[in-house]
Amino acid sequence: MRSHRDFARGFRESLAGGPAPQNATAQDPAEIERRFDVYRNNVAHGLTQALARHFPAIERLLGAECFRGIARAYIAEHPPRTPVLTEWGGAFPAYLADEPSLQSLSYLPDVARIEWARSRAYHAADAEPVAPELLQETATRAGTHLCLDLHPSVQILQLLTPAGSIWASQQPGGPAPPRAKEWRPETLLIARRGISHVITSVVRSSTGRFISALSAGETVARAQDRAGADFDLNAALLLLVENALIVGAGIERGDES
Amino acid sequence: MTLPRKAGLGFKPEHFPAISETKPDLGFFEIHAENYMGAGGMPHAMLERLRADYALSVHGVGLSIGGPDPLDRDHLARLKLLCDRYDPESFSEHLAWASHGGVWMHDLLPLPYTVETLSLICDHVDEVQEHLGRRMLLENPATYVLFDDSDIPETEFLTEISQRTGCGLLLDLNNVFVSCVNHRQDPRAYLEAFPLNRVGEIHLAGHEEEELPSGPLLIDSHGREVAEPVWALYAETVSKTGQLPSLIEWDNDVPDFATLMAEAERASMILSGDHDALAS
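Keep in mind that this is a model prediction, so the values were computed, not measured.

Details of the overall build of chain A
Part 1 of the reasoning: When its secondary structure is counted, chain A shows 11 helices and 6 strands.
Part 2 of the reasoning: The globule rule puts the C-alpha radius of gyration for 257 residues at 18 Å, and the 24 Å found for chain A is more than 25% above it.
Part 3 of the reasoning: With respect to the principal axes defined by its C-alpha atoms, chain A has extents near 80 × 50 × 35 Å.
Part 4 of the reasoning: Counting only residues that meet the buried cut, chain A has 45% of its 257 residues in that class.
Part 5 of the reasoning: Look at the contacts in chain A between residues 6 or more apart in sequence, and 66% of them connect residues 24 or more apart.
Part 6 of the reasoning: Accessible surface computed for chain A: about 12900 Å², of which carbon and sulfur atoms make up 51%.
Part 7 of the reasoning: Here chain A contributes 26 positive and 29 negative side-chain charges, whose respective centroids are spaced 5 Å apart.

What about the environment of R85(B)?
All names here are of chain B.
Part 1 of the reasoning: On the secondary structure map, R85 appears in helix α3 (residues 73-86).
Part 2 of the reasoning: For R85, a relative accessible area of 41% puts it in the partly exposed group.
Part 3 of the reasoning: R85 sits 42 residues away from P43 along the chain, and the two C-alpha atoms are 13 Å apart.
Part 4 of the reasoning: Residue contacts for R85: discarding those within four places in its chain leaves A39, H44 and E48.
Part 5 of the reasoning: A distance of 3.3 Å separates a polar atom in the side chain of R85 from a polar atom in the side chain of Y86.

Some thoughts on the interface of chain A and chain B
Part 1 of the reasoning: Between chain A and chain B, the contact holds 43 residues from the first and 51 residues from the second.
Part 2 of the reasoning: Counting the surface lost from both chain A and chain B, the interface buries some 4200 Å², and carbon and sulfur atoms represent 61% of this.
Part 3 of the reasoning: Linking chain A with chain B are 2 salt bridges.
Part 4 of the reasoning: Close ionic contact of E210(B) with R34(A) constitutes a salt bridge, the shortest N to O distance being 4.0 Å.
Part 5 of the reasoning: At the surface where chain A touches chain B, the tally comes to 21 residue pairs in polar contact (both at pLDDT 80 or more).
Part 6 of the reasoning: The set of elements that each furnish at least two residues to the side of chain A that touches chain B consists of α1 (4-15), β1 (24-25), α2 (32-54) and α6 (108-123) of chain A.
Part 7 of the reasoning: With 9 residues, the single largest contributor to the side of chain A that touches chain B is α2(A).
Part 8 of the reasoning: Residues that form the side of chain A that touches chain B fall into these classes: 21 nonpolar, 10 polar and 12 charged.
Part 9 of the reasoning: As paired elements, β1(A) and strand β8 (residues 146-147) of chain B share 2 bridges and run antiparallel to each other.

Side note on the sheet that holds strand β1 (residues 7-10) of chain B
Residue and element names in this part refer to chain B.
Part 1 of the reasoning: The strand order around the closed barrel built from 8 strands is β1-β2-β3-β4-β7-β9-β10-β13, with neighbouring strands paired in parallel fashion. Neighbouring strand axes in the sheet, compared pairwise and without regard to direction, differ in orientation by 30 degrees on average.
Part 2 of the reasoning: Across 5 bridges, strand β2 (residues 28-32) lies against strand β3 (residues 55-59) in parallel orientation. In the sheet register, F29 faces β3, and the bridge partner there is L56.
Part 3 of the reasoning: Each of β9 (168-172), β10 (199-205) and β13 (246-249) is contacted by helix α8 (residues 228-241), which is oriented at about 160 degrees to β10, the strand it contacts most.

Points about the domain arrangement of chain A
The parts lose accessible area when they come together, and the size of an interface is often stated as this lost area.
Part 1 of the reasoning: Each domain of chain A was delimited in the assignment, giving domain 1 (1-105) and domain 2 (124-257).
Part 2 of the reasoning: Spacing between the C-alpha centres of domain 1 of chain A and domain 2 of chain A amounts to 38 Å.

Regarding the packing of α2(A) against helix α4 (residues 64-77) of chain A
All names here are of chain A.
Part 1 of the reasoning: Across the interface, α2 lies against α4 with an axial gap of 10 Å and an inter-helix angle of 110 degrees. It follows from the interaxial angle that α2 and α4 lie roughly perpendicular. In contact with A44, H45, L47, T48, L51 and A52 of α2, α4 contributes F67, R68, A71, R72, Y74 and I75.

So, the packing of helix α9 (residues 205-215) of chain A against helix α10 (residues 220-227) of chain A
Residues and elements named next belong to chain A.
Part 1 of the reasoning: Taken N-terminus to C-terminus, the directions of α9 and α10 make an angle of 145 degrees; their axes are 8 Å apart at the nearest point. Here α9 and α10 pass one another in a crossing that is right-handed. Facing S206, R209, F210, A213 and L214 of α9, the residues of α10 in contact are V220, A223, Q224, R226 and A227.
Part 2 of the reasoning: Its residues assigned to classes, the contact of α9 with α10 comprises 6 nonpolar, 2 polar and 2 charged.

Brief notes about the side chain of N243(A)
All names here are of chain A.
Part 1 of the reasoning: Along the polypeptide, N243 turns up in the loop between α11 (233-242) and β6 (246-251).
Part 2 of the reasoning: Side-chain polar atoms of N243 contact the side chain of R193, separated by 2.6 Å.
Part 3 of the reasoning: Excluding anything up to four places from it in sequence, N243 contacts R193 and I199.

Topic: α10(A)
All names here are of chain A.
Part 1 of the reasoning: Turning to α10, its buried residues are V220, A223 and A227. Buried positions in α10, seen along its axis, are confined to an arc of 60 degrees and lie on one side of it.
Part 2 of the reasoning: Of the residues trailing α10, G228 is marked for its positive phi of about 80 degrees.

Regarding the side chain of H183(B)
Part 1 of the reasoning: Relative to the helices and strands, H183(B) is located in the loop between α6 (173-182) and α7 (187-193).
Part 2 of the reasoning: Of note is the side chain of H183(B), whose polar atom sits 2.7 Å from the side chain of T143(B).
Part 3 of the reasoning: What H183(B) contacts, discounting residues up to four positions off in sequence, is Q27(A), R35(A), T143(B), Y144(B), V145(B) and L146(B).

Comments concerning the packing of aromatic side chains
Geometry of an aromatic ring pair is reported as the spacing of the ring centres plus the angle between the planes.
Part 1 of the reasoning: Summed over all chains, the structure comprises 22 aromatic pairs over all chains.
Part 2 of the reasoning: Between Y74(A) and Y95(A) the ring centres are 5.3 Å apart and the planes differ by 70 degrees, which places this aromatic pair in the edge-to-face class. Here Y74(A) is found in helix α4, whereas its partner Y95(A) is found in helix α5 (residues 92-98), with 21 residues between them in sequence.
Part 3 of the reasoning: Residue classification places Y74(A) among the buried residues on the basis of a relative accessible area of 1%.
Part 4 of the reasoning: Each ring, one from F11(B) and one from F16(B), has its centre 6.4 Å from the other, and the planes form 80 degrees; the classification is edge-to-face.
Part 5 of the reasoning: Judged by relative accessible area, which is 5%, F11(B) ranks as buried.
Part 6 of the reasoning: On the basis of relative accessibility, which here comes to 13%, the residue F16(B) falls in the buried class.
Part 7 of the reasoning: An aromatic cluster of three or more residues is present, and its members are F7(A), F11(A), F36(A), Y39(A), W97(B), Y144(B) and F147(B).

Rules of the game
- Starting from 1, residues in each chain are numbered consecutively following that chain's sequence as written.
- Whichever chain is written first becomes A and whichever ligand is written first becomes 1, with later ones labelled in order.
- Totals for whole chains, interfaces and linings use every residue, but because this is a predicted model, local features are given only for residues with pLDDT of at least 70 and side-chain atom pairs only at 80 or more, for both listing and counting.
- Water and hydrogen atoms play no part in the side-chain values, which are based on all heavy atoms of the structure.
- Under the scheme used here, helices are H or I runs from DSSP no shorter than 4 residues and strands are E runs no shorter than 2 residues, and both carry numbers assigned from the N terminus.
- Only the C-alpha atoms count toward the radius of gyration. The rule for a globule is 2.2 Å times the residue count to the power 0.38.
- Accessible area is worked out with a 1.4 Å probe on protein chains only. A residue is then buried under 20% of its type maximum, exposed over 50%, and partly exposed in between.
- Any two residues whose heavy atoms approach within 4.5 Å are treated as being in contact.
- Computed with a 1.4 Å probe, the accessible areas rest on the Shrake-Rupley method; for each residue, only the protein chains presented here act as cover.
- Residues scored as charged are limited to Lys and Arg (positive) and Asp and Glu (negative), so that His and the chain ends carry no count.
- Just so you know, the charge point we use is NZ for Lys, CZ for Arg, CG for Asp and CD for Glu.
- Definition of a polar contact: a pair of N or O atoms within 3.5 Å, with one able to donate and the other able to accept a hydrogen when the atoms are protein atoms, and with sequence-neighbouring residues admitted only if both atoms are side-chain atoms.
- When two components associate, each loses some accessible surface as probed by a 1.4 Å sphere; the sum of these losses over both components is called the buried area.
- For this document, the term salt bridge refers to a Lys or Arg side-chain nitrogen within 4 Å of an Asp or Glu carboxyl oxygen.
- Any residue outside Ala, Val, Leu, Ile, Met, Phe, Trp, Tyr, Cys, Pro, Asp, Glu, Lys and Arg is labelled polar, Gly included; the first ten of those are nonpolar and the last four are charged.
- Two strands pair under a simple rule: DSSP has to find at least two bridges between them.
- A fitted line through C-alpha atoms represents every axis, and for helices the fit uses only the stretch in contact; the resulting angles, taken between N-to-C directions, go from 0 to 180 degrees.
- Domain delimitation in this document rests on an assignment produced automatically or drawn from a domain database.
- Just so you know how the angles are binned, under 35 degrees is roughly parallel, over 145 roughly antiparallel, 65 to 115 roughly perpendicular, and the rest oblique.
- When the near helix sits turned anticlockwise from the far one by under a right angle, the crossing is termed left-handed; a clockwise turn instead gives a right-handed crossing.
- Working definition: the arc comes from the directions between the helix axis and the C-beta atoms, pointing outward to the latter.
- In this scheme Phe, Tyr and Trp rings, the latter by its six-membered ring, pair at centre separations within 6.5 Å, and the angle between planes marks the pair as stacked below 30 degrees, edge-to-face above 60, and tilted otherwise.

Right, dumping it as structure tokens:
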């Protein structure tokens with residue numbers, strides 16, 4: 001008896017383009033391939049749709065047909081290793097970067113990074129913002145030892161292309177895409193404000209370095225050093241507070257000797 | 001704790017505003033477990049609200065109960081977390097497989113019904129029920145091919161699983177119709193052989209039709225209204241079983257909420273024995 005394991009292995013090969021499984025049958029055996037196509041189509045279509053849900057701007061930029069072709073190749077190379085489709089697709093930006101036919105679209109992998117980060121932010125854990133009075137009181141007591149906990153959805157992307165502006169141009173009612181003379185690197189803050197609103201904001205690179213340092217557990221004072229030139233602390237803190245992204249404040253435990 | 005013996009709907013996030021505003025008279029909502037496995041955000045906020053107002057059915061599509069691999073422990077843990085958090089009236093999965101060698105195909109794939117697969121699936125169902133600490137329902141599949149090494153009829157296979165593991169069955173009448181038409185069998189004979197006393201829920205959905213040289217090939221698409229012959233099977237079935245929790249599944253090309261409600265209302269009328277509901 002063929003074991004079930006051999007059956008499943010053979011079935012997968014059939015899905016990937018091989019002939020229908022040896023033991024597959026039908027009332028009219030001449031129809032087996034046509035019938036098995038339903039499974040081939042379901043798998044390919046289902047996974048392509050799942051990828052399109054993560055990367056709608058990529059689908060718009062490439063066009064549906066081109067996206068479908070790229071998606072099929074990606075599925076073959078990076079099939080889901082999880083039953084949770086919202087967690088599948090993280091390798092797509094790097095895949096686009098390596099795809100020879102897309103080398104002229106340098107911004108495309110960056111737009112995909114934005115969409116993946118937005119998806120992560122959408123599903124990130126919930127956290128309530130810290131009350132303004134508590135933040136103020138802790139800041140006063142902590143002095144240079146103030147630490148801030150940021151919302152679990154906070155992500156900073158330092159991109160070499162204006163992919164944030166390009167992403168925005170692909171949204172309904174979005175601005176025109178950047179012109180050649182506006183072509184410059186962009187730093188993005190991607191996070192979720194409250195339960196449902198995912199923000200995608202172009203910020204100064206110094207603000208990005210500051211937020212990244214806070215996320216890594218640095219004090220506000222050290223994060224400010226990391227931010228470097230052209231940094232506006234008040235503007236950066238206001239950005240975080242206005243978007244309800246500061247969810248905890250504490251005092252660094254010093255190793256005073 | 002069981003689902004109310006009334007009509008229910010598959011929950012679609014785009015309908016959340018309509019549901020919150022109108023609080024429609026429905027027995028329950030059903031969700032796909034794998035869509036609620038993120039850490040937080042809108043999916044859980046909506047589900048909490050929904051759960052507060054309605055009975056809940058959690059329907060899994062990713063356990064691969066019919067697959068050769070051991071059940072994924074991480075996935076079982078995620079399901080347990082979800083079930084513990086929302087305490088649904090029902091948890092169900094499929095007589096199908098979806099993963100092999102750590103790769104998920106994300107489709108409900110068919111399998112031969114043999115002594116070997118029977119014993120494997122019973123072990124998997126036992127493991128799920130033990131892990132979740134609750135009885136599950138197992139759903140009959142829609143299939144497009146058969147296997148020449150299958151030597152147990154599907155109805156007997158499901159009966160045996162249910163008897164050995166104590167699990168209930170989810171009777172998908174669209175799947176019965178689709179499979180029977182595809183394999184040139186009589187859906188009424190299938191239902192005669194189906195252990196109706198083990199059924200904890202009924203599914204109703206729409207299908208698409210293609211034409212093969214030998215006749216129609218029906219495809220379980222969940223993308224349109226329930227077909228008339230499936231409504232007829234439904235009326236015949238509930239006349240035998242009495243009222244059962246009955247779900248309208250519409251997962252693709254999702255229409256507005258009113259259209260879904262009309263389908264649920266038709267199911268309600270049939271459940272309450274209104275025979276005019278058959279002649280729409």
